[in-house]
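Listed below, chain by chain, are the residues.
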Amino acid sequence: MSLQKLARELDETARQTASMLEGITEAIELLADAPIGKDSSVQQAVHLIVTALQGQDRIEQRCHNMALAVRQFALLPPTAPDSVYDEIWASLTLDELRVPALSGIAAHQAHGDAELF
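Residues numbered from 1 in each chain as written. Predicted model: local features only at pLDDT ≥ 70, side-chain atom pairs only at ≥ 80, totals over all residues. Heavy atoms only, no water.

A.B. asks: Outline the nonpolar core, listing residues and values.
C.D. replies: Core analysis: the biggest nonpolar cluster contains six residues, these being A7, L10, A14, C63, A67 and V70. Listed by contribution, the elements that provide at least two residues to this core are α1 (3-33) and α2 (40-75). Apart from the residues lying within four places of it in its own chain, the contact partners of A67 are A7, L10 and D11. Listed in part, the five residues of the second largest apolar core include I28, V42, V46 and L53. (Core = buried A, V, L, I, M, F, W, Y, C linked by side-chain atoms within 4.5 Å. Buried < 20%, exposed > 50% of the residue type's maximum accessible area, 1.4 Å probe, protein only. Helix = DSSP H or I, 4+ residues; strand = E, 2+ residues; numbered from the N terminus. Contact = heavy atoms within 4.5 Å.)

Below is the structure:
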């Protein structure tokens, strides 16, 4: 797979996750507005779903940023030093993935929220 195709696939992944989120958001709004939405367990479930779905924004952001990086990598000559790749990677906004000490930290915490990473 070429780097340009990989970038397109990352963009498509971001688009698909955003599309999925729209449908789920509509369902949550219906739940919250219905008489059953006043029940505390339903409110707690809606809160947990919303918290889990906030991860979609990070996934979309990461995909777009990685697609940008891949496009920049594709423009580099094969002889480019690793420092150039490191500079491109460091310029990305990838939330906790930018900080090596925090990368994957969500998987090691007991927080009650859905684990997305």
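Having seen the structure, we can now continue with the description.
A.B. asks: Describe the side chain of T17, and please don't skip the residues or the numbers.
C.D. replies: Within the element layout of this structure, T17 appears in helix α1. Classification of T17 as buried rests on a relative accessible area of 16%. Those residues in contact with T17 that sit more than four places away from it in its chain are Q56, I59 and E60.

A.B. asks: Could you give an account of the packing of α2 against helix α3 (residues 82-90), naming the residues involved and the relevant values?
C.D. replies: Put simply, α2 and α3 touch, their axes get as near as 10 Å, and they point 155° apart. Relative to α3, the element α2 lies roughly antiparallel. Helix-helix and strand crossings are classified by hand; for α2 and α3 the assignment is right-handed. Contacts from M66, A69, Q72 and F73 of α2 reach α3 at Y85, I88 and W89. (Axes fitted to C-alpha atoms, helices over the stretch in contact; angles between N-to-C directions. Parallel < 35°, antiparallel > 145°, perpendicular 65-115°, else oblique. Left-handed = near helix turned anticlockwise from the far one by under 90°.)

A.B. asks: Hey, could you go over the pattern of salt bridges for me, with residue numbers and the actual values?
C.D. replies: Pairing is possible between side chains of opposite charge, provided their charged atoms come close. Here the structure, examined in full by the defined rule, presents two salt bridges. A salt bridge links D11 to R71; the shortest N-O distance between them is 2.7 Å. Remark: R71 occurs in helix α2 and D11 occurs in helix α1; sequence separation between them is 60 residues. Judged by its relative accessible area of 28%, R71 is partly exposed. Between R15 and E12 there is a salt bridge, with the nearest N and O atoms lying 2.6 Å from each other. (Salt bridge = Lys/Arg side-chain N within 4 Å of Asp/Glu carboxyl O.)

A.B. asks: Provide a residue-level description of the packing of α1 against α2, including the pertinent values.
C.D. replies: When two helices pack together, their arrangement is given by the angle between the helix axes and by the axis-to-axis distance. Between α1 and α2, whose axes approach to 9 Å, the crossing angle comes to 165°. As judged from the angle between their axes, α1 and α2 are roughly antiparallel. Viewed along their axes, α1 and α2 form a crossing whose handedness is left-handed. Taken together, the residues of the contact of α1 with α2 break down into 22 nonpolar, five polar and four charged. (Nonpolar A, V, L, I, M, F, W, Y, C, P; charged D, E, K, R; others polar.)

A.B. asks: Got a sec to walk through the environment of A27? Specific residues and values, please.
C.D. replies: Within the secondary structure, A27 is located in helix α1. Residues A27 and V46 lie 19 residues apart in sequence; the distance between their C-alpha atoms is 9.9 Å.

Coordinates in, geometry out; function isn't part of it.
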